[in-house]
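Now for the letters of each chain:
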Amino acid sequence: MTALSVNLNKVALLRNSRNIGIPSVVEAARICIAAGAHGITVHPRPDQRHIRIRDVYDLAGLLAEVKPVEYNIEGNPFAEFMALVREVRPTQCTLVPDSPEQQTSDHGWDLVRDGERLRPIIAELQALGIRVSLFLDPEPEQVRLAKAVGADRIELYTEPYAAAFARGEAASQMPRYLAAATLARELGLGLNAGHDLNLDNLPPFIRAIPWVQEVSIGHALIADALKMGLHDTVQAYLRALSAA
């Protein structure tokens, strides 16, 4: 079954709106793990608008106690990221080409431009025992270059699929994702997916590409938790993945 990694950025965003420490990011992680989540994801940004540096360390302490739950840290390795992951050594680093002013990640790497800059970073992370995933648009050239620069996995950026699904036009996007995912498998790359996946669009995506190894879901999952509660929401996403 495809693994579910819960992104806790939005829990931290709510916590940061008041200076009283609630909701607790660590407690949210505990609930997700108790509900069966396979991993926890955070994406600390330089301005600490949601996940703070202290959260990264606190979650590392929790996850060290609950193996084999995985710890996935996302971020731009060219923006105050590497020192943190060198010390924390998560299970996986998902390298994302976001700039500090971006509201959210909205495109994958251009490996024609950035591949050689990333190559030594990927090698360093792997030497530390960290699996490396590159955030990519579903473009065959980028998938081939991800393999060439040494990545372990790619994470397909799924917002275009999710937007098309909401319009009733998912069929217009799925061939791109299926082609990229098939190429990744042929090249021996692991496959993750994430961004704007939810309980409605997730099952058909996984049915079409059942070898997706992990999905990272935050915004929609936390929004659903306002209605269903966090524990029950995590289990709903696990059921959706299992049914797919």
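Residues numbered from 1 in each chain as written. Predicted model: local features only at pLDDT ≥ 70, side-chain atom pairs only at ≥ 80, totals over all residues. Heavy atoms only, no water.

Visitor: So what's going on with the packing of helix H5 (residues 111–127) against helix H6 (residues 140–148)? Which residues, and what values?
Guide: Viewed as axis vectors pointing N to C, H5 and H6 meet at an angle of 15°, and their least axial separation amounts to 10 Å. What the angle tells us is that H5 and H6 run roughly parallel. H6 is crossed by H5, and the crossing has right-handed handedness. Where H5 approaches H6, its residues Leu111, Val112 and Arg119 are matched on the opposing element by Glu141, Gln142, Leu145, Ala146 and Ala148. Considering only residue class, the contact of H5 with H6 consists of five nonpolar, one polar and two charged. (Axes fitted to C-alpha atoms, helices over the stretch in contact; angles between N-to-C directions. Helix = DSSP H or I, 4+ residues; strand = E, 2+ residues; numbered from the N terminus. Parallel < 35°, antiparallel > 145°, perpendicular 65-115°, else oblique. Left-handed = near helix turned anticlockwise from the far one by under 90°. Contact = heavy atoms within 4.5 Å. Nonpolar A, V, L, I, M, F, W, Y, C, P; charged D, E, K, R; others polar.)

Visitor: How would you summarise the pairing of strand S2 (residues 39–42) if you had to cite specific residues and measurements?
Guide: Residue alternation in S2 divides its side chains into two sets, Gly39 and Thr41 and Ile40 and Val42, and both sets are buried. Bridge analysis of strand S1 (residues 3–7) against S2 gives three bridges, and the strand direction is parallel. Within S2, the position partnered with Asn7 by the bridge is Thr41. As paired strands, S2 and strand S3 (residues 70–75) are joined by four bridges and run parallel to one another. What sits directly across from Thr41, in S3, is Asn72. (Buried < 20%, exposed > 50% of the residue type's maximum accessible area, 1.4 Å probe, protein only. Pairing = 2+ DSSP bridges.)

Visitor: So what about the side chain of Arg131? Which residues, and what values?
Guide: With respect to the secondary-structure elements, Arg131 resides in strand S5 (residues 131–136). What makes Arg131 buried here is its relative accessible area of 18%. At 2.7 Å, the side chain of Arg131 forms a polar contact with the side chain of Glu70. Looking at Arg131, its side chain comes within polar contact range of the side chain of Gln92, at 2.9 Å. For Arg131, the residues in contact, after removing those within four places along its chain, are Glu70, Thr91, Gln92, Cys93, Asp152, Arg153 and Glu214. (Polar contact = N/O pair within 3.5 Å; in protein donor to acceptor, adjacent residues only side chain to side chain.)

Visitor: Lay out the sheet that holds S5 with the relevant residues and their values.
Guide: Spatial ordering of the closed barrel is given by S1-S2-S3-S4-S5-S6-S7-S8, a layout of eight strands whose pairing is parallel. For this sheet, the mean inter-axis angle between neighbouring strands, taken without regard to orientation, is 25°.

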